[in-house]
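Listed below are the residues making up each chain.
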Amino acid sequence: MCIAIPAEILEIRDDNTALVDFGSLKQDIRVDLVDVQVGDFVLVHVGFAIQKVNRDDALETRELFRQCYAAMEEAA
């Protein structure tokens, strides 16, 4: 199974990399496959932005991931 995680573009660099925020983690990714600007939300899969997404949808998905992780921690 493959999964892509929504992230916000914080900074874009000249070498087609960008700093993104996943909510509680900031990471460098590649942005070769999509045309993005600072503030855009993208789906990230294996270190690549693969698609731009709507801000509201991205934040809703981020919250669903947070709830899933919280439920898993409670069950452990």
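For the structure given in this document, a descriptive report is provided here. (Residues numbered from 1 in each chain as written. Predicted model: local features only at pLDDT ≥ 70, side-chain atom pairs only at ≥ 80, totals over all residues. Heavy atoms only, no water.)

1. Here's the deal with the overall build of the protein chain
For the record, the criterion: Helix and strand definitions follow DSSP, with helices as H or I runs of at least four residues and strands as E runs of at least two, each counted in order from the N terminus. Only protein chains enter the accessibility calculation, which uses a 1.4 Å probe; a residue is then buried when its area is under 20% of its type maximum, exposed when over 50%, and partly exposed in between. A contact between two residues is defined here by any heavy atoms of the two lying within 4.5 Å. The accessible surface values rely on the Shrake-Rupley method and a 1.4 Å probe; as for residues, cover is taken only from the protein chains in view. Positive charge is attributed to Lys and Arg, negative charge to Asp and Glu, and no charge count is given to His or to the chain ends. The atom standing in for a charge is NZ when the residue is Lys, CZ when it is Arg, CG when it is Asp and CD when it is Glu.
Within the protein chain, the regular secondary structure consists of one helix and five strands. Its C-alpha atoms give the protein chain principal-axis dimensions of about 45 × 20 × 20 Å. Counting every position in the protein chain, which comprises 76 residues, the buried fraction comes to 28%. Long-range pairs, those at least 24 residues apart, make up 36% of the contacts in the protein chain between residues at least 6 apart in sequence. Put simply, the protein chain shows about 5300 Å² of open surface, and 52% of that area lies on carbon and sulfur atoms. Each charge class in the protein chain was averaged separately, 7 positive and 15 negative side chains, and the resulting centres sit 2 Å apart.

2. A look at the pairing of strand 3 (residues 26-30)
Taken residue by residue, a regular strand's side chains alternate between the two faces of the sheet. Note the cut-off: Here a strand pair is declared whenever DSSP counts at least two bridges between the two strands.
Summarising the sheet, strand 2 (residues 17-21) and strand 3 pair through five bridges and their orientation is antiparallel. Counterpart to Thr17 in the pairing with strand 3 is Arg30. The hairpin turn running from strand 2 into strand 3, its antiparallel successor, is four residues long, and Gly23 in that turn takes a positive phi close to 115°.

3. Some thoughts on helix 1 (residues 55-75)
Operational definition: Here, expected helix span is obtained from the residue count minus one, scaled by 1.5 Å. In the analysis that follows, any N or O atom pair within 3.5 Å is treated as a polar contact, provided that within protein one partner can donate a hydrogen and the other can accept it, and provided that, for residues neighboring in sequence, both atoms belong to side chains.
With 21 residues, helix 1 should reach 30 Å at 1.5 Å per residue; the first-to-last C-alpha distance of 31 Å fits that figure. Of the residues that open helix 1, the one with a side-chain oxygen 2.7 Å from the backbone nitrogen of Asp56 is Asn54.

4. Considerations on the nonpolar core
Inside soluble globular proteins, nonpolar side chains tend to come together where they are buried. Stated precisely, the cut-off is as follows: In plain words, nonpolar cores are sets of buried Ala, Val, Leu, Ile, Met, Phe, Trp, Tyr and Cys residues tied together by side-chain atoms within 4.5 Å.
If you look at the biggest cluster of nonpolar residues, it comprises 12 residues: Ala7, Ile9, Ala18, Val20, Phe22, Ile29, Val31, Val34, Val36, Val42, Val44 and Ala49. Of all the secondary structure elements, the ones that give two or more residues to this core are strand 1 (5-12), strand 2 and strand 4 (41-45). Apart from residues lying up to four places away in sequence, Ile9 is in contact with Ala18, Leu19, Val20, Val31, Val36, Gln37, Val38, Gly39, Asp40 and Val42.

5. Let's talk about unusual backbone geometry
Look at Asn16: it is not a glycine, yet its phi comes out positive at around 65°. Tracing the chain through its elements places Asn16 in the loop between strand 1 and strand 2.

6. Considerations on the packing of aromatic side chains
Heads up, the condition is: In this analysis, rings of Phe, Tyr and Trp, with Trp reduced to its six-membered ring, are considered paired at centre separations within 6.5 Å, and the interplanar angle assigns stacked below 30 degrees, edge-to-face beyond 60, and tilted for intermediate values.
The full count for this structure, using the stated rule, is one aromatic pair. On the numbers, 6.4 Å between centres and 20° between planes, the contact of Phe65 with Tyr69 is stacked. Here Phe65 and its partner Tyr69 are both found in helix 1, four residues apart, which amounts to about one turn of the helix. Accessibility expressed as a relative area gives 48% for Tyr69, which makes it partly exposed.

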